[in-house]
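So the chains spell out like this:
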Amino acid sequence: MNRDKLIRFFEGTTSHSQEVEIRQWLDSSPENITIFNRERALYDASLFSGSTAKQKGRRVPSWIISAAAAVIATLVTVGSINYITNKSNDTESYNTVIVPPGQRVNIILSDNSNVWINANSKFVYPSQFKGDNRVVHLDGEAFFEVKSDKEHPFIVKTDKYDVRATGTKFNVESYSKSNSFETSLFEGRVDCINDSLVNMTLKPQEKVTIENGKLQVSTISSEDKYLWRKGLIAFNNAKLEEILHSLEKYFNVKIVIEMKKLPQHTYSGKLRQSDGVEYSLRVLQRSISFNYERDEVTGIITIKQPPMK
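Read on for an overview of the structure. (Residues numbered from 1 in each chain as written. Predicted model: local features only at pLDDT ≥ 70, side-chain atom pairs only at ≥ 80, totals over all residues. Heavy atoms only, no water.)

Moving on, we get to the overall build of the protein. In terms of helices and strands, the protein carries seven helices and 19 strands. Relative to its 309 residues, the protein shows a buried fraction of 46%. Considering only residue pairs separated by 6 or more positions, the protein has 48% of its internal contacts joining residues 24 or more positions apart. Accessible surface computed for the protein: about 16,500 Å², of which carbon and sulfur atoms make up 48%. (Helix = DSSP H or I, 4+ residues; strand = E, 2+ residues; numbered from the N terminus. Buried < 20%, exposed > 50% of the residue type's maximum accessible area, 1.4 Å probe, protein only. Contact = heavy atoms within 4.5 Å. Areas by Shrake-Rupley, 256 points an atom, 1.4 Å probe, with all protein chains shown as cover.)

Dropping the structure here:
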């Protein structure tokens, strides 16, 4: 497979026919999956190189460079970790992927399932699936295109609920730092499980969230939210507080609000993850009235009241 074509695929600029070609190439050989994942890790690591920062003409604070370097090492040397399964004494080899702020990672699992992993997420998966179930672990957000296999259900374990599928397209968001949980289904069927009991079964175009400690089902009104796979953060009639919370999640920054009263009007639009949090804030300032300051030492962003006109 042409390396330039793979890079265009990672950038999200390939045509539909080129995407089909790449999928067929992946299906043809396990070695091709290994090549794909290696090129993906190298591509994500290159986004944090010093030359990339200079080309954009931005001064990168030392605390960002240090954090990015640590994450790159994790991505490029996706290591094997020994986990003992609960069902037997066999030792399985697991890989861990940690996605840096403002980025996303695409990997193909050993069963040819396709997974997009969002910013500030940790994803743990076996080198080869063994046993009755295909089990992965997620702390964060990921979009799954699961290969159909009714005999071996695909299970996503989170700190709140497990999500079980046999072959489907769905999105799971469950950050351990937050109390929120959301699973959205686009094709097929998924079950939300707690303590081995099915708490909720979803139909296509339905999503489930936690409200007041209970699972609540609603209809997916817009798929813009899931454009993060293409590197976009999309908002539809969202208030400033909601937007700031999303920016905290995607860019792994702390945002402190010192405004006595937040603007009540809403914002609709799309921001690019690759542009960074400060550029996103400047774009928002065109529509919403607020000021902000960023501490170059701690990285904390403070939202302040704009001066009176």
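Now that the structure has been shown, the text picks up again.
Glancing now at the side chain of Glu 182. Within the secondary structure layout, Glu 182 lies in strand S10 (residues 182–187). Relative accessible area serves as the criterion here: at 11%, Glu 182 is assigned to the buried category. Polar side-chain contacts of Glu 182 include one of 2.8 Å to the side chain of Lys 225. Polar side-chain contacts of Glu 182 include one of 3.5 Å to the side chain of Tyr 226. (Polar contact = N/O pair within 3.5 Å; in protein donor to acceptor, adjacent residues only side chain to side chain.)

As a further point, take the packing of helix H6 (residues 240–251) against helix H7 (residues 277–285). The contact between H6 and H7 brings their axes to 11 Å, and the two run at 165 degrees. On the basis of their axis angle, the class for H6 and H7 is roughly antiparallel. As H6 runs across H7, the sense of the crossing is right-handed. Contact with H6, carried on its side by Ile 243, Leu 244, Leu 247 and Phe 251, involves Val 277, Ser 280, Leu 281 and Leu 284 of H7 and no other residues of that element. (Axes fitted to C-alpha atoms, helices over the stretch in contact; angles between N-to-C directions. Parallel < 35°, antiparallel > 145°, perpendicular 65-115°, else oblique. Left-handed = near helix turned anticlockwise from the far one by under 90°.)

Attention now goes to the packing of aromatic side chains. A full pass over the atoms with the stated rule returns eight aromatic pairs. Between Phe 186 and Tyr 226 the ring centres are 5.0 Å apart and the planes differ by 80 degrees, which places this aromatic pair in the edge-to-face class. With Phe 186 in strand S10 and Tyr 226 in the loop between strand S14 (214–219) and strand S15 (232–238), this pair connects stretches of sequence that are 40 residues apart. For the residue pair Phe 186 and Tyr 226, the accessibility class agrees, reading buried in each case. Through successive ring pairs, a cluster of aromatic residues spans Phe 123, Tyr 125, Phe 129, Phe 144, Phe 154 and Phe 170. (Phe/Tyr/Trp six-rings, centres within 6.5 Å; stacked < 30°, edge-to-face > 60°.)

So, on to H6. Relative to the 16 Å expected for 12 residues at 1.5 Å per residue, H6 spans 16 Å between its end C-alpha atoms, a close match to the ideal helical length. For H6, the complete set of buried residues consists of Leu 240, Ile 243, Leu 244, Ser 246, Leu 247, Lys 249, Tyr 250 and Phe 251. A positive phi of about 55 degrees marks Asn 252, the residue just after H6. (Expected span 1.5 Å × (residues − 1).)

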